[in-house]
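Inside the fold
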Amino acid sequence: MIETKLNIETIRKDFPILSRKVNGYPLVYLDNAATSQTPKQVIDVIVDYYSRYNANIHRGIHSLSQEATDAFENSRSTIQKHLNAKYPHEVIFTSGTTHSINIVANGFSSILKKGDEILVSAMEHHSNIVPWQMLCERTGAILKVIPMNHQGELLLSSFEVLLSSRTKLVVCNHVSNALGTINPIKQIIDLSHQFGAAILIDGAQAAPHLTVDIQELEADFYTLSGHKICGPTGIGVLYGKEAWLNKLPPYQGGGEMISEVTFEKTTYADLPHKFEAGTPNIAGGIALGAAIDYINGFGLHYIAAYEHELLSYATKKLSAIEGLEIYGQASEKTSVISFNIKGIHPYDIGSILDKLGIAVRTGHHCAQPIMDYYNISGTIRASFCFYNTLDEVDRLVEGVLKAKSMLS
Ligand SMILES: Cc1ncc(COP(=O)(O)O)c(C=O)c1O
């Protein structure tokens, strides 16, 4: 029994999917780091949008368009307040973290010069590696890696050695999707700024679990994905400091992002529209605001405390299984456990767990450099959300034991 202010049984009723069966068993959904589930409060907002006021935004004089515009812009303000960003126009709606990072990487094409350096942490998701490699190819900039240790913690002393006047950009996740490590991003941001480098924090895995105060952090860019924070897929956020967003060129050209267009010259719209070309994911944007309201209704600190208890319990139980190795034992972690059982392929365990109705992730988790570091091809990853329970952890542990006995 975990002592918590959250009423988990009531919360679970908000998530229709949690009552379904998979392969004849009640679903145990432990793939939250990939995509979290959606409460009916958020589903209802999407249904309401399409049922009552589906219309294009920012352009129509008619009532439906006004209603949709208001709801979309209110959601932007909700996100601004949630992140404690200074202005709503620093919140750009994107399709997700990948899109957000690519906007910044594209923008830096006109800023970086040959020989400039970008520092990237060793524990990034591919979406925070590949866009920077592409940027380096375009500009002649050099990508350098901030190393990590076996615990899955970044080596800040090595980071300090790598920083120099050549460093123009530092990119790092707030929380590692493969290991669960919570990185000391305030320290990383401050050090980067001491060297005049801009810093982008990939917050995809942090936003669902941790309170983010963007003004206190002073990050130049921060990203998140709606589908990891109880919102829909296809919507996310790029936060950028006003000065940076004004400095970067637009990513895509098209409708909505212009001030004036002639065949001779086009001038661009002000923020945030400069980065929101074309018709956005309106329902998704509105629903993301609803998802954030939903989570804030419980309080992220209560959510984090409860999930921490789930993590401790699961870590203890899984560690007791002979031959089981956990990757990533950082002192600060979110509720992610990556593990393998000696001599057994993660895919085989994942398949047996699925037959038992337990959804986990297997593979490299879009973080192949981490797998290379541990000299493995992949892991089994169980990632918990605030609607998971100790009973579900027990089912995972039983499932792993069963898989182990079948496959050994
Ligand atoms: C740390 C991290 N960064 C970036 C991404 C990419 O997010 P999306 O696929 O929503 O763009 C993910 C998704 O798993 C992630 O975990």
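Bear in mind the structure is a predicted one, so any value in this text is a computation, not a measurement.

Pairing in this open sheet of seven strands is mixed, and the strands run S4-S10-S9-S8-S7-S5-S6 from one edge to the other. Because the sheet does not close on itself, it has two edges, and the strands there are strand S4 (91-94) and strand S6 (142-146). Averaged over all pairs of adjacent strands, the angle between their axes in this sheet comes to 20°, without regard to strand direction. The pairing of strand S9 (residues 221-225) with strand S10 (residues 236-240) spans five bridges and is classified as antiparallel.

Our focus in this paragraph is the side chain of Asp14. Tracing the chain through its elements places Asp14 in the loop between helix H1 (8-13) and strand S1 (21-22). Contact partners of Asp14, with chain neighbours within four places excluded, come to Thr38, Pro39, Lys40, Gln41, Tyr294 and Phe298.

The subject of this paragraph is the domain arrangement of the protein. Per the domain assignment, the segments of the protein are domain 1 (8-30 + 299-407) and domain 2 (43-297). Distance between the C-alpha centres of domain 1 and domain 2: 28 Å. Taken together, the contacts link 34 residues of domain 1 with 32 residues of domain 2. Our count for the contact surface shared by domain 1 and domain 2 stands at zero salt bridges. Joining domain 1 to domain 2, the criterion identifies 18 residue pairs in polar contact (both at pLDDT 80 or more).

Attention now goes to the site of the ligand. The ligand sits among Gly96, Thr97, Thr98, His125, Ser127, Asn177, Asp202, Ala204, Gln205, Ser225, His227 and Lys228. Within the side chain of His227, an N or O atom sits 2.7 Å from an oxygen atom of the ligand. Lys228 has a polar side-chain atom sitting 2.6 Å from an oxygen atom of the ligand. Of the residues belonging to the shell around the ligand, the class tally is one nonpolar, nine polar and two charged.

Our focus in this paragraph is the environment of Cys136. Tracing the backbone shows Cys136 in helix H5 (residues 130-139). When its relative accessible area of 10% is taken as the criterion, Cys136 is described as buried. For the pair Cys136 and Gly115, spaced 21 residues apart in sequence, the C-alpha separation works out to 9.4 Å. Those residues in contact with Cys136 that lie beyond four places of it in its chain are Ile118, Ala141, Ile142 and Leu143.

Parameters at a glance
Residues numbered from 1 in each chain as written. Predicted model: local features only at pLDDT ≥ 70, side-chain atom pairs only at ≥ 80, totals over all residues. Heavy atoms only, no water. Pairing = 2+ DSSP bridges. Helix = DSSP H or I, 4+ residues; strand = E, 2+ residues; numbered from the N terminus. Axes fitted to C-alpha atoms, helices over the stretch in contact; angles between N-to-C directions. Contact = heavy atoms within 4.5 Å. Domains from an automatic or database assignment. Salt bridge = Lys/Arg side-chain N within 4 Å of Asp/Glu carboxyl O. Polar contact = N/O pair within 3.5 Å; in protein donor to acceptor, adjacent residues only side chain to side chain. Near = heavy atom within 4 Å. Nonpolar A, V, L, I, M, F, W, Y, C, P; charged D, E, K, R; others polar. Buried < 20%, exposed > 50% of the residue type's maximum accessible area, 1.4 Å probe, protein only.

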